[in-house]
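For reference, the chains in residue letters:
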2 protein chains.
Amino acid sequence: MKVLVLGGDGFCGWPTSLHLSHLGHEVTIIDNLSRRNIDTELGVESLTPISPIGERIRAWDEVSGKEIKFINLDIAKEYDRFVDVLLDSRPDAVVHFAEQRAAPYSMRSSKTKRYTVDNNVTGTHNLLAAIVQSGMDIAIVHLGTMGVYGYGWSGSAPIPEGYLTVKVPTPDGDIEREILHPANAGSVYHMTKTLDQLMFKFYAHNDGLRITDLHQGIVWGTQTPQTVRDERLINRFDYDGDYGTVLNRFLMQAAIGHPLTVHGTGGQTRGFIHIRDTARCIEIALNNAPTSGEKVSVFNQVTETYRVRDLAELVSKLTGAEIVNLPNPRQEAAENDLNVSRDRFLALGLNPTTLSDGLLEEARDIASKYADRADRTKIVSRSVWRQGMEAADDLMP
Amino acid sequence: MKVLVLGGDGFCGWPTSLHLSHLGHEVTIIDNLSRRNIDTELGVESLTPISPIGERIRAWDEVSGKEIKFINLDIAKEYDRFVDVLLDSRPDAVVHFAEQRAAPYSMRSSKTKRYTVDNNVTGTHNLLAAIVQSGMDIAIVHLGTMGVYGYGWSGSAPIPEGYLTVKVPTPDGDIEREILHPANAGSVYHMTKTLDQLMFKFYAHNDGLRITDLHQGIVWGTQTPQTVRDERLINRFDYDGDYGTVLNRFLMQAAIGHPLTVHGTGGQTRGFIHIRDTARCIEIALNNAPTSGEKVSVFNQVTETYRVRDLAELVSKLTGAEIVNLPNPRQEAAENDLNVSRDRFLALGLNPTTLSDGLLEEARDIASKYADRADRTKIVSRSVWRQGMEAADDLMP
């Protein structure tokens, strides 16, 4: 299969590109390297020493004998060039990771709010318009987020995979309707993914586009069977207050002797998935794309759920790190339960990687190995959800 | 009240600006004149000879003694300048009409799809981010569309004003939840208004912004008590295939001896409102803005519903024009009923202008008066909703 991976240089995009190439697909990465530029803007680096994209691709060719192509292109800003790429490369599928993906970064300032909306919404819409314009039959697999659903909305009912059947009262009695699960975005970033959903719905209906939307949980881990084959293939490990995701941040904090930073009570329950499974889920989604005329196919891309404070305790037990509670910069419920349907990937053969599979130790060891690369002034998040909210100070200045 | 009217040079924006000025409010129009530029792009003009914005404002000053300010500014592209305008002018409210508003134009080409998304979504989000950044308490009144609901979705139940209470099944029995009415956009234009809704929901919740969203039907008529005071104040009358709205197009077609063009069976039922009532509804919405922390306040801005073929017959009876059926370029049900809740404006004192009030004849007379300005090659729409659909030829080449 010929696959374009938009955002293929990023945290999920890179290991997915390697996984698909390993499976024998013809992979072309399209990326504007914005994630590396944001590192520069924030004055921070991946804890792991990631190689430039050209070196990554050369290393992969050396160790695997397989070629990945790379095109430096901004899908939000270079529409005509992107259409030309589609017409030239004639892909069977596009995997779309090319969105600004940090909620705290999206709430940092007017500038980052606007960048997140403009980049994510324009990029996604350009992809849809370009495929229609090309007249080709190209499946889209898009990375969404569990955050589109909100938390605690549906009482004791599990969060369904995209669609919810509800009863609508009418003068003739209740009628059943299947709806997209109502959108309950918690940040500008999450909001853009709820806008994506409505654009997908329209283009699937109006133009018969074949679209899969994957509502992913919080990714943990760094390495996959491909990224470990050469240090030049190593994946990102974000530990900073904006881009670091909670479990990886705890492991890194423990590795450098920083307290584990829990925002609020830590009573938030979230869905998690290991980076290996992200790549496998994309593979499964590509092999099971909907047909033209079908509704958008939605999967929940989550393998386990944990309460944040329970994760902190798990990491504390593993490492001896202490736990501190910081003010919560988000507008969210202090505590929530989470019950997520995740039958679709399991039915299609996903064998989940869990926290008990020993990879927690692997992630801890990577954090330890590169601990000297950490900038301790970047660990605590400065982004707040609303003007005037309290931001924490550095704990280890 | 100090009011900024974004898009105040357009078909709804201009008479609303005059109405608010007439009532004694301090009105500043912000407009990038894009609607006039699109006329140039399409090679068409308003049937009525509209004056340049500077002349409009001078004429209003002459006949009323009231000053309307004008700032040529693109809210989607000149964010920093817009923030400065907010800080300088310190408005109590912003009325937001500054969106590309023609469904056929939004479906014309990749370029117009992309323009509609970029202009409408970026513009609306810039407005929200700018108000948050300003730190000021500014109410927003936004013009939405009945098209966010779709047609025929809710069986015999009337379309509610924004929110729908549904029953969600859970293991503990059904629970009631109030949701935004599910979005069922019929064009890229309508889709942008469904994205606006989700951005409003987020900013009302996260930042306490005070937002009113008005889901308007199809506007008919041209003149208001203010626009008739001087010919230089005359409002737009769009008759072309992209921007002309159905009832006005029929009246204009009759005036020049063109057949009345019904797309498909004409079995589509739509909501209608006279342009006078648009201005009154904005006034009512400004006087009844929600308080900070409340959910977005949604009104259905519709006074009557008609089936398109019944309107054609009404105009045919009034004028003797013949009716022709053209292929329908839209992806929509051939026939639908429409039952719309519209209690909120009635409860707040709106006294609706109906088709039986004699204004149909006024609109016919305006169309006749300026009939010689019509370009007969622009009457039939060339925009189709999907590649390969049949577009009609001109009927009077």
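Since the structure is predicted, the reported quantities are computational estimates derived from the model, not experimental observations. (Residues numbered from 1 in each chain as written. Chains lettered and ligands numbered in written order. Predicted model: local features only at pLDDT ≥ 70, side-chain atom pairs only at ≥ 80, totals over all residues.)

Asker: Any chance you could explain the overall build of chain A here in plain terms?
Answerer: Across its full length, chain A holds 12 helices and 14 strands. Here chain A has a C-alpha radius of gyration of 21 Å; the compact-globule value for 397 residues is 21 Å, and the two agree. Projected onto the principal axes, the alpha-carbon positions of chain A cover approximately 65 × 55 × 40 Å. Out of the 397 residues in chain A, the part that is buried amounts to 55%. Residue pairs in contact within chain A that sit at least 24 positions apart in sequence constitute 82% of those at least 6 positions apart. (Helix = DSSP H or I, 4+ residues; strand = E, 2+ residues; numbered from the N terminus. Rg over C-alpha atoms; globule rule 2.2 N^0.38 Å. Buried ≥ 20, exposed ≤ 12 C-beta atoms within 10 Å, placed from the backbone. Contact = placed C-beta atoms within 7 Å.)

Asker: Teacher, can you tell me more about the sheet that holds strand 12 (residues 297-301) of chain A here?
Answerer: Within a beta sheet, neighbouring strands are joined by backbone hydrogen bonds and run either parallel or antiparallel to one another. All names here are of chain A. Taken together, the seven strands give an open sheet; going across it, the order is 3-2-1-4-5-8-12, and neighbouring strands pair in parallel fashion. What marks the edges here is a single partner per strand, and that holds for strand 3 (68-72) and strand 12. Ignoring which end each strand starts from, the neighbouring axes of this sheet average 20° apart. Relative to strand 4 (residues 93-96), strand 1 (residues 2-6) is paired through four bridges, and the arrangement is parallel. (Pairing = 2+ DSSP bridges. Axes fitted to C-alpha atoms, helices over the stretch in contact; angles between N-to-C directions.)

Asker: Looking at this structure, I do not really get the sheet that holds strand 4 (residues 93-96) of chain B. What am I missing?
Answerer: Residues and elements named next belong to chain B. Within the open sheet, the seven strands sit side by side as 3-2-1-4-5-8-12. Their pairing is parallel. Looking at strand neighbours, the two that pair on one side only are strand 3 (68-72) and strand 12 (297-301), the edges of this open sheet. Here the strands of the sheet are splayed against their neighbours by 20° on average, with no regard to which way each runs. Judged from the six bridges that link them, strand 5 (residues 139-145) and strand 8 (residues 211-216) form a sheet pairing that is parallel. Across the sheet, Ile140 pairs through a bridge with Ile211, a residue of strand 8. Across the sheet, helix 9 (residues 275-287) touches strand 1 (2-6), strand 4, strand 5, strand 8 and strand 12, and the angle it forms with strand 8 is around 160°.

Asker: Please explain the packing of helix 6 (residues 110-134) of chain A against helix 7 (residues 188-207) of chain A as it appears in this structure.
Answerer: How two helices pack is summed up by the angle between their axes together with the distance between the axes. All names here are of chain A. One way to put it is that helix 6 packs onto helix 7 with a least axis distance of 10 Å and a crossing angle of 15°. Between helix 6 and helix 7, the interaxial angle falls into the category roughly parallel. Here helix 6 and helix 7 pass one another in a crossing that is right-handed. Here Lys113, Thr116, Val117, Asn120, Val121, Thr124, His125, Leu128 and Val132 of helix 6 come into contact with helix 7, specifically with Val188, Tyr189, Thr192, Leu195, Asp196, Met199, Tyr203 and Asp207. (Parallel < 35°, antiparallel > 145°, perpendicular 65-115°, else oblique. Left-handed = near helix turned anticlockwise from the far one by under 90°.)

Asker: Looking at this structure, I do not really get the interface of chain A and chain B. What am I missing?
Answerer: Accessible area lost during the coming together of the parts is what is often quoted as the interface size. On the chain B side, the residues contacting the 44 residues of chain A number 44 residues. Per-element tally for the side of chain A that touches chain B: the top contributor is helix 6 of chain A, with 11 residues. A per-class count over the side of chain A that touches chain B returns 22 nonpolar, 14 polar and eight charged. (Nonpolar A, V, L, I, M, F, W, Y, C, P; charged D, E, K, R; others polar.)

Asker: Where do I start with the environment of Ala130(A) in this structure?
Answerer: Residue and element names in this part refer to chain A. Tracing the backbone through its elements, the reader meets Ala130 in helix 6. For Ala130, a count of 23 C-beta atoms within 10 Å gives the class buried. Along the sequence, Ala130 and Ala185 sit 55 residues apart, while their C-alpha atoms lie 27 Å from each other.

Asker: Just checking my understanding: could you explain the relation of the copies chain A and chain B for this structure?
Answerer: Both copies of the chain are related through a single rotation about an axis accompanied by a shift along the same axis. For the pair chain A and chain B, the relating rotation is 180°, the translation along its axis is 0.0 Å, and the fit reaches an RMSD of 0.0 Å. On this basis, the relationship between the two copies can be described by a two-fold rotation axis. Mapped onto chain B, 100% of the interface residues of chain A are again interface residues, and the two copies thus contact each other with one and the same surface. (Least-squares fit on C-alpha atoms with pLDDT ≥ 70 in both.)

Asker: Got a minute to help me understand helix 9 (residues 275-287) of chain A in this structure?
Answerer: Within an α-helix, residues lying three or four positions from one another point in the same direction, as the helix has 3.6 residues per turn. Residue and element names in this part refer to chain A. For helix 9, built from 13 residues, the straight-helix expectation of 18 Å at 1.5 Å per residue is met to within 8% by its first-to-last C-alpha distance of 19 Å. The element helix 9 is extensively covered by neighbouring structure, given that 11 of its 13 residues are classed as buried. Listed in full, the buried residues belonging to helix 9 are Ile275, Arg276, Asp277, Thr278, Ala279, Arg280, Cys281, Ile282, Glu283, Ile284 and Ala285. (Expected span 1.5 Å × (residues − 1).)

Asker: Explain the packing of helix 8 (residues 246-255) of chain B against helix 10 (residues 308-319) of chain B to me, please; I cannot follow it from the model alone.
Answerer: All names here are of chain B. Interhelical geometry of helix 8 versus helix 10 gives an angle of 30° and a closest axis separation of 10 Å. Between helix 8 and helix 10, the angle is such that the two are roughly parallel. Note on packing geometry: the crossing formed by helix 8 with helix 10 is right-handed. Across from Val246, Leu247, Phe250, Leu251 and Ala254 in helix 8, the residues of helix 10 making contact are Val308, Leu311, Ala312, Val315 and Thr319. In the contact of helix 8 with helix 10, the residues fall into nine nonpolar, one polar and no charged.

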